[in-house]
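Architecture at a glance
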Amino acid sequence: MEQLINYILQLADSNLILTQRNAAWCGHGPILEQDIAITNITLDLIGQSRNFYQYAAKLINESTDTKVTEDSLAYLRTEREFKNLLLTEQENGDWAQTIVRQFFYSVYQYFLYEKMQHSRDEQLAGIAAKSLKEVTYHVTWSGEWVIRLGDGTAESKERIEKAIIELWPYTGEMFLPEAYEISMVSAGIAPDITLLKNEWYKKVTDIFEEATISLPKDGFMQTGGKNGVHTEKLGYILSDLQYLQRTYPNATW
Amino acid sequence: MQLHDLEKAFQDKIDNEIKIEPKDWMPDAYRKTNVRQISQHAHSEIVGMLPEGNWISRAPSLKRKAILIAKVQDEAGHGLYLYSAAETLGTGRDQMIDDLHSGKAKYSSIFNYPTLTWADMGAVGWLVDGAAILNQVMLCRTSYGPYARANVRICKEESFHQRQGFESLMVLSNGTAEQKAMCQDAIDRWWWPSLMMFGPKDSESTNNDQSMKWKIKRKTNDELRQQFIDMAVQQVKVLGMTLPDADLKWNEERGHYDFGEINWDEFWNVVKGNGQCNKQRLEARKNAHTEGAWVREAATAYANKKAAKQLRKVA
Amino acid sequence: MKINIQKYFYGDFGVEDSAGINDLKSTTTKETAWPLWEIFIRSKQGLDHKHAGSLHAADAAMAIENARDVYTRRQEGVSLWVVESKHIHASNPDDAAAMYEPANDKVYRHPTFYDIPDEVGHM
């Protein structure tokens, strides 16, 4: 049970942390239409994270005699308990960096959910099927922006290439399973993420080709997020996120 | 047709409640007034995203966070509907945005006040959006068609904003002592500025007549303000909170609540740029626009390349 | 001091220099600005597409996505059309009398013009 809960929390945390990042664009986007567009994605992500947190809370409450909620899971766990992918906590940077981060993550989510909708766990299968529709749009939207920036102006090309180099080391973690993921795979609950790598790689290559940019050579990959070992950035995200819940314990909002 | 015939035909339409549409003849002053008014309304929506955006990262629950994100995003949508309406009068959005950034065009001063605590999200929703809705409901019947339609669309979405604000204050007012204090403090700070949103007293407005005659505006500042106060007095009771005005009293004869004197010095100071956040808000907007320039250029460049490729294929 | 106020709506304080658009010649959009598109939405299967508003986009694909993000946030549509605003040709309101009024007296085009006995039933 603990393995399953960890697995779900990892899915929830990644979505929440990226929500927290993307939401910072709201009111500050490069043009009104795109401000609205990225915020739609943000709303999808927070919706997905809530579905996962609620499911995790249900399992925890059923298996231990506690009363956790989606909010206590999101607001009262510490830096070392968060299991989000390192990719999702990386800074927004410029529009190029945000786009590349979204694109890498959305393509990964797409293949993950595509498989997960056939999970033996009905609840996870249901969340995946619903989320897959949202993510399909995210892949299109972010992919088109990768192409525009790559094949746009000299400046945009330079910026997106820089963003790719910056974020590339955080992509390997998506396909390296932790112990709790491996056990979920053998239980028929989780897709085998090692098998997603080729599809992810192909999709990214295709889009990059159209964007006239090249893939970095496989270099050293950072890991640890899924086990609670993060970059220094996460602490700041959590102090913002959790400020009110920590300041006024047990209050209802 | 002579100019005065056109003017008469125009006024006849307005008197008969026939909407003016983009390609119809209209007096220059009517066009200018509408462009100014609609664009300032649009700017208010866009700048209005900032004080609330300030609390998105710190929203105290996932539900509140999702609601707040959706709400602030709606304001972007409203700004967009309004810019679109103004563009039908022949002024491009980039021109309007330049005017905002240069300080030539204004936006509602209310957004130059800071949002200091979480309770401000509730108070802004209840009072600021509440005041805005009264205006926007009136503007659903304004004489310029595209502006009226934009307001209809806005009003459909906006009632969610006021309701979520009020509901979030209700939760605070039923909460801990600290939450109750936070709630009252926010109401105290936002009450007077929201009354100022309706603008100067009618007795001091010199140019209300023309825009009433053109049915751009259909109620005076004081009428709307009074309507707002009468509603808020009832609503605050449900919250178990008070409004910070010792002079609020039911006036049987008028059938309305009397209220205390508004601090117009404060109002004009904020209008003139001395509000706590005037500089910060405008800087944030300018920054987003400047930082976004290369993005917009890249998309244009790519669209041009693609169109050229298409042409070559056809040839 | 008498303050000259032009108040039209909230947010408009009509500061001294009439705060706003003085120069209507500056109406064209800059070359670099994304063009304007008109958006038409089919709200459900079986209905016509209806004009919803406009927005800016660099190209048609983006216009459709922007329309989806801007105008269908509350399930307002199942299908979208976008057309660049400059491609819309409109009838001239000055011709309205000649264009539309001649239809006024063709009452015989309407079914209610004809009296049919009730026993015929619905026709």
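In this report, we go over the structure that sits alongside the text.

Some words on the overall build of chain A
- A tally of regular secondary structure across chain A gives ten helices and zero strands.
- Helices and strands in chain A line up, N terminus first, as α-α-α-α-α-α-α-α-α-α.
- In terms of overall size, chain A behaves like a compact globule, its C-alpha atoms giving a radius of gyration of 18 Å where 253 residues would be expected to give roughly 18 Å.
- Across its three principal directions, the C-alpha atoms of chain A cover 60 × 40 × 30 Å.
- For chain A, the residues scored as buried account for 61% of the 253 residues in total.
- A fraction of 79% describes how many contacts in chain A between residues 6 or more apart in sequence connect residues 24 or more apart.
- Element-wise, carbon and sulfur atoms account for 52% of the exposed surface of chain A, whose accessible area totals about 9900 Å².
- Side chains of chain A carry 23 positive and 35 negative charges; the gap between the two charge centres is 1 Å.

Concerning the pattern of salt bridges
Residues and elements named next belong to chain B.
- Counting across every chain of the model gives 37 salt bridges over all chains.
- Between K215 and E17 there is a salt bridge, with its nearest N and O atoms 2.8 Å apart. In this pair, K215 is assigned in the loop between α9 (208-213) and α10 (221-239) and E17 in the loop between α1 (3-15) and α2 (28-47), connecting sequence segments 198 residues apart.
- K215 gets classed as buried once you look at its relative accessible area, which sits at 18%.
- Of the charged contacts in the structure, one is a salt bridge between R149 and E21, with a shortest N-O distance of 2.9 Å. Residue R149 is located in helix α7 (residues 145-173), and its partner E21 is located in the loop between α1 and α2; the two are separated by 128 residues in the primary sequence.
- The exposure class assigned to R149 is partly exposed, which follows from its relative accessible area of 48%.
- By relative accessible area, E21 is classed as partly exposed at 26%.
- A single salt-bridge network, built from bridges that share partners, covers E52, K71, E75 and D129.

Thresholds applied
- Residues numbered from 1 in each chain as written.
- Chains lettered and ligands numbered in written order.
- Predicted model: local features only at pLDDT ≥ 70, side-chain atom pairs only at ≥ 80, totals over all residues.
- Heavy atoms only, no water.
- Helix = DSSP H or I, 4+ residues; strand = E, 2+ residues; numbered from the N terminus.
- Rg over C-alpha atoms; globule rule 2.2 N^0.38 Å.
- Buried < 20%, exposed > 50% of the residue type's maximum accessible area, 1.4 Å probe, protein only.
- Contact = heavy atoms within 4.5 Å.
- Areas by Shrake-Rupley, 256 points an atom, 1.4 Å probe, with all protein chains shown as cover.
- Lys, Arg positive; Asp, Glu negative; His and termini not counted.
- Charge placed at Lys NZ, Arg CZ, Asp CG, Glu CD.
- Salt bridge = Lys/Arg side-chain N within 4 Å of Asp/Glu carboxyl O.

No statement about biological role is implied by the geometric values presented.
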